[in-house]
Amino acid sequence: MGRSRFGELEEQVILALVQLEGESYAVPVARELARLTARDVSPATAYMVMRRLESRGFLTSRVGTSDPDRGGRPRRFYRVVTDAVIPALSASRQAMLALWEGLEPMLDKP
Amino acid sequence: MSTPGSSVPFPLRLAVRLLPKEVREEVLGDLLEHWNLRLRDQHWLARIAWAWRQPVSTLVARLQFSRRSEEQQGIAERRDRGIGVSLLDIKLGVRMLRKQPMLTGVAMLALGVGIPVSLTPLHLMNVLMTPLPFEDGERIIGIRNWDLEAYNPAPSSVHDFAVWREELTTFQALAASRTTQWNVHSEDGRAEPVRGAEITGSAFDILRVPPLLGRRLAASDEVNGAPDVVVIGAAIWESRFGRDPEIVGKTIRIGSVPHTVVGVMPEGFLFPVNDHLWLPLRANPTQYQRGEGPNLQVFGRLADGVSMGQARAEVETVGRRIAAEYPETNAQLRAEAVTMQRLASRESADAAIDSDIPFQQFVAILLLMIVCGNVSIMILARTATRSGEIAVRTALGASRVRVVSQLFVEALVLALFATGLGLLVANWVAHQFQMFITGQGQVPYWLDFGIGPQSVLLALGLSVFCAGVASLIPALKATGRGIHSNLQRSAGRGSAIRFGPGSTALIVAEVALSVAALSAGAAWTRTVFEDTSGEMGIELEHYLSAQLRIPLADPTLDQAATYLDDFWTQVGTTQMELKRRIESEPGVLTVAMASRDLPGVEHQRSRRVEVEGDIASGGSQGPFVGEARVDVDFFRDLGRPILEGRDFASGDIPEERGAHRDAVIVNTTFVELVLGGRRAVGRRIRYLSGNRNPSPWYEIVGVVGPLGMNPMNPARDQGVYHPRGPGEIHPVSYVIEAGDDPAAFTPRLRAIAAEVDPTAMIERPMLLSDLNDSDTSVYTYLALVLVVLSAIAIILSAAGLYALMSFTVTQRTREIGVRTALGAHPKSIVYTIARRATLQLGLGVVLGAVFAAYTLAVMAQFPEMRPQNMPLVVAAVAAGTVLVGMLACLVPTLRGLRIQPTEALREG
């Protein structure tokens, strides 16, 4: 499979997808990122990130419905491949926690 | 802006254009959905701002998250991380230079000329911004008056200088100078004009340059009645005094006054312009009426801790006060502090450097882009032959960035070599230019036009840019979508690279441009270099010419009323006396006087003329004629017969100086070309000048034969002679016929002139034939530049054609092989290969010939040009271009014809 680590934005996009019950498309993912991280991500960026995650085997995709707000253009829904994502997310979280070990009190200082 | 289902905002369309085709529709759907639902309630400005952010973020996303297979990415990352641009790439680049010497030669010529030439505007700006070569030179600042109405620098008077020196506190010291020429007499009786300056002693303190010997000028020297002293330059000390160590205290005669040498300045010191003598400036404002007196160049050194801005403000304030106090002389003047470079260049303080140069630089870079486009075509053709290699590299894991950067490095090696060579040549040209303009005496010696480190850095930056431009398109094309099919065809059967319409347009435009430029260059060169001495009606090499100048002083208050009248009388007397003395010299056959418009000298004064009663030549479109002002006895002195009518007589000169005199004499070419052979005597003519009023009428009183009025084209030397009396031409030129070696008369001429008037200066003594050469040297330079540029254009277009043809052969090797195997006639194979190149060549030549015909028709209006040869020139150049183009096509065509069917099929 190759690399199992994510870039920061990749990790956030996957987590946003998980928050969206494991399957969604670029517009809600971008909205979720904005809501949870205050990060202004363009739907096009979210799309390109998910496309690459798909090529790395972390997501699968299908073409979904359309509606007039999209000018009749189809949505591409991405679904998390749980078996691949969970160990990678877990490793990422472990690494992060290890790095933060004993450092939390620092955050409480004025 | 958009309702559901309505049109798509432009920025969003632009954004998705930056993405791979297969995802565009879906991403556009996402963007539209966001636009229509999420942004619906936002302010329109916020919506637009969001929309215009999308192209940028999409491009970033594309670059950052483009889809690559995991394996490919892994290998690429290892390579990218480990190597980047390696020494190997540079070695490969150098090897490519050696491997393809023709491409290397042409591209180096193009970039080697293109890069330095396109840097000229910025280089000039650099030159103009370099501080003076003195200690803290950037703190030496000029002060001047700027005429707000005429939009020109106005002279600084002694009165202004006195006020500035008294009141300005932001300067440590102020100085003033004015440059002039004096006759310097040697002990052996020779007198030669030398450039020098009257300058205040403070100037030497400001410049902080110690003398080599003795002392500098001091304030005490500036007082009227003080002993006459002079500081001399190292060049004079050497040439006139043989570096005499005891020179200080000796006297030299300058004009008619002996001066004591008090010091010698070091070698290379020629301040302010190109000066070799320094006399104290004795400019006492009480001696002159306000606004009269010498015109000064004023400069000073900023006081410690004072900024240019503070000085500028104070100078303006003081200037406003002077303007209020003396409105009759200073109302329209603004005093300003400017850099010494700007003081010398006479440019406006708020224009010129700041506004023109960026525009010129922009145009220069545009021209350079054309050159880069050309090199790009050649690199594209070369890359096409290597598409198999590139495909294999990609298959072995090289990322696109890696391949692109390798091609870039190859182009960079080429560009850097070219720039290096180009800079060496440019430095030599700059040196020549510096010598030329310094010799002219108009540009200060301290402006250094040599290529400095800044210009080198700029050139290096530009070569990186050029390498990028020239390699980008070939690299992107070579690594683009067709790369996998290239792998299948990597044995050399072809490539997915295509020559786009851009390259076709570029080649056609270049061929057209070379035909036009070369035609103009050829016509011009023919005119400039053709030997016309036999057709001028005068043997130029038998005559010595020299100019007599008598310095005009600034009249003080007590002299003002009569000074000018006296001066002109003195000039007239001196001129006539000198003429008489020369005539009485043994060996002298003839002496005549005229203005600078001497026989055989390219005339600056070429004007349109109207003949009274002629409808055809009315309006502002009359024919051009040359114009010369000559002494009333000019034709008699030269022994030129009057063919019709009469010669000038003293009655043609009115008493009052400068009054209109209506008698003129025309030459036979005038009668033939302007009057169509009709009788000339008695007719009236006048000059036309654009929208301004025509001149008064002149009456033709006589006709003379040809007398070198238009040396570049004697067949069109129609001209008009105007009579002038003694002293009316100043400086006057003498034409002296003196034996077999007229130049040998020069020392005697100087000696006689010094006897007649010690202040009189003999300038530019040389044979008439040499005078013409020196006057036309600018034309010669122009002709050379034009020829060199057109040669480069033609080489570039030939190289473009060659690249295109080579490319076609490479591309169609297999097809050609199959055709040959099937028994195709060589003619049809040649047709296959050469069709496109021939079309481009033909179209370019036709367009170029039309453009050239138009250009030459415009040029033919000028009397210097020889229109009779021009159709021939265009035809010859067009034929030559076709020949060069065909030669460029020949090698690839032969290669195509030599392709063996078995070989081509085996490759398949």
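Definitions and cut-offs
Residues numbered from 1 in each chain as written. Chains lettered and ligands numbered in written order. Predicted model: local features only at pLDDT ≥ 70, side-chain atom pairs only at ≥ 80, totals over all residues. Heavy atoms only, no water. Helix = DSSP H or I, 4+ residues; strand = E, 2+ residues; numbered from the N terminus. Buried < 20%, exposed > 50% of the residue type's maximum accessible area, 1.4 Å probe, protein only. Areas by Shrake-Rupley, 256 points an atom, 1.4 Å probe, with all protein chains shown as cover. Contact = heavy atoms within 4.5 Å. Buried area = accessible area lost by both parts, 1.4 Å probe. Salt bridge = Lys/Arg side-chain N within 4 Å of Asp/Glu carboxyl O. Polar contact = N/O pair within 3.5 Å; in protein donor to acceptor, adjacent residues only side chain to side chain. Patch = residues over 30% accessible without salt bridge, like charges linked within 9 Å, V, L, I, M, F, W, Y side chains within 5 Å. Lys, Arg positive; Asp, Glu negative; His and termini not counted. Charge placed at Lys NZ, Arg CZ, Asp CG, Glu CD. pLDDT = per-residue confidence, 0-100. Pairing = 2+ DSSP bridges.

Here the focus is the overall build of chain A. When its secondary structure is counted, chain A shows five helices and three strands. Element order for chain A, N to C, with α for helix and β for strand: α-β-α-α-β-β-α-α. By the burial criterion, 43% of the 110 residues in chain A qualify as buried. In the form shown here, chain A has an accessible surface area of approximately 6000 Å², with 54% of it arising from carbon and sulfur atoms.

What follows deals with the side chain of E32 of chain A. All names here are of chain A. Mapping E32 onto the fold places it in helix α2 (residues 26-37). Residue E32 is classed as buried on the basis of its relative accessible area, which comes to 8%. Apart from the residues lying within four places of it in its own chain, the contact partners of E32 are A16, Q19, L20 and T37.

Our focus in this paragraph is the interface of chain B and chain A. Chain B puts 35 residues into the contact, and the matching count from chain A is 31 residues. Buried surface at the junction of chain B and chain A, summed over both partners, amounts to about 2900 Å²; 54% is from carbon and sulfur atoms. For the pair chain B and chain A, the interface holds seven salt bridges. Put simply, R51 of chain A and E22 of chain B hold a salt bridge, and the shortest N to O gap is 3.2 Å. Taken together, the connections running from chain B to chain A amount to 13 residue pairs in polar contact (both at pLDDT 80 or more). Looking at the side of chain B that touches chain A, the elements with two or more residues in it are α2 (24-38), α3 (44-65) and α4 (70-82) of chain B. No other element matches the 13 residues that α2 of chain B contributes to the side of chain B that touches chain A.

All names here are of chain B. Looking at the element boundaries, E627 is found in strand β15 (residues 624-631). Among the residues examined, E627 registers a relative accessible area of 4% and is labelled buried. In terms of polar contacts, E627 uses its side chain to reach the side chain of R607, at 3.4 Å.

On to a positive patch on the surface. Taken together, the side chains of K91, R95, R98 and K99 of chain B present a region of like positive charge at the surface. As for its position among the elements, K91 of chain B is in helix α5 (residues 87-99).

In this section: the confidence of the model for chain B. Residues and elements named next belong to chain B. For chain B, the average pLDDT comes to 80, and 86% of its residues sit at 70 or higher. Per-element mean pLDDT across chain B ranges from 44 in α4 up to 95 in strand β6 (residues 229-232). Of the regions scoring below 50 in pLDDT, residues 1-6 engages in 15 contacts with residues more than four places distant in sequence or in other chains. Ignoring residues within four places in sequence, the model shows residues 69-83, a span with pLDDT below 50, making 22 contacts including any to other chains. In the predicted assembly, ipTM is 0.90 and pTM is 0.59.

Turning next to the environment of A175 of chain B. All names here are of chain B. Tracing the sequence through the fold places A175 in strand β3 (residues 171-185). On the basis of relative accessible area, A175 is assigned to the buried category, the value being 0%. Every residue in contact with A175, bar those within four places of it in the chain, is listed here: F161, T200, S202, A203, I206, Q297, V298 and F299.

Looking now at the pairing of β6 of chain B. All names here are of chain B. Residues V229 and V231 of β6 are buried on one face, and the alternating residues V230 and I232, pointing to the opposite face, are buried as well. In this sheet, strand β8 (residues 257-264) lies alongside β6 in parallel orientation, the contact comprising four bridges. Among the inter-strand pairings, V230 is bridged to a residue of β8, identified as V261. As defined by bridge partners, β6 adjoins strand β9 (residues 277-280) across two bridges and the pair is classed as antiparallel. In the strand pairing of β9, I232 is matched with L277.

Moving on: unusual backbone geometry. With the exception of glycine, most residues fall at negative phi, and the peptide bonds are largely trans. All names here are of chain B. Each neighbour pair has its own omega, and for F271 with P272 the value is 5°, a cis peptide bond. By the secondary structure assignment, P272 is in the loop between β8 and β9. With an omega of -5°, the peptide bond running from H730 to P731 counts as cis. One can find P731 in the loop between β20 (719-724) and β21 (732-738). Phi at D136 takes a positive value of approximately 50°, unusual for a residue other than glycine. With respect to the element layout, D136 can be found in the loop between α7 (120-129) and β1 (140-147). On the basis of relative accessible area, D136 is assigned to the partly exposed category, the value being 38%.

Residues and elements named next belong to chain A. Here we have three strands laid out as an open sheet, ordered β1-β3-β2, and antiparallel in their pairing. Each having just a single partner strand, β1 (23-24) and β2 (59-63) make up the two edges of the open sheet. Two strands pair when backbone bridges link them, and β1 and strand β3 (residues 76-80) are joined in this way by two bridges, in the antiparallel orientation. Along β3, the bridge assignment pairs S24 with Y78.

The next point concerns the environment of R39 of chain A. All names here are of chain A. Mapping R39 onto the fold places it in the loop between α2 and α3 (43-55). For R39, a relative accessible area of 28% puts it in the partly exposed group. The spacing of R39 and L9 is 30 residues in sequence and 9.9 Å in space, taken between C-alpha atoms.

Turning next to the pairing of β1 of chain B. Residues and elements named next belong to chain B. Of all eight residues in β1, eight are buried, a share of seventy percent or more. Judged by which residues are buried, β1 turns out to be covered on both faces: I140, G142, R144 and W146 on one side and I141, I143, N145 and D147 on the other are all buried. Judged from the four bridges that link them, β1 and strand β10 (residues 297-302) form a sheet pairing that is antiparallel. Along β10, the bridge assignment pairs I141 with G300. Bridging between β1 and strand β11 (residues 333-339) involves seven bridges; their strand directions are antiparallel. Looking at β11, one finds that N145 is bridged to A335. As paired strands, β1 and strand β2 (residues 152-154) are joined by three bridges and run antiparallel to one another. In the sheet register, W146 faces β2, and the bridge partner there is P153.

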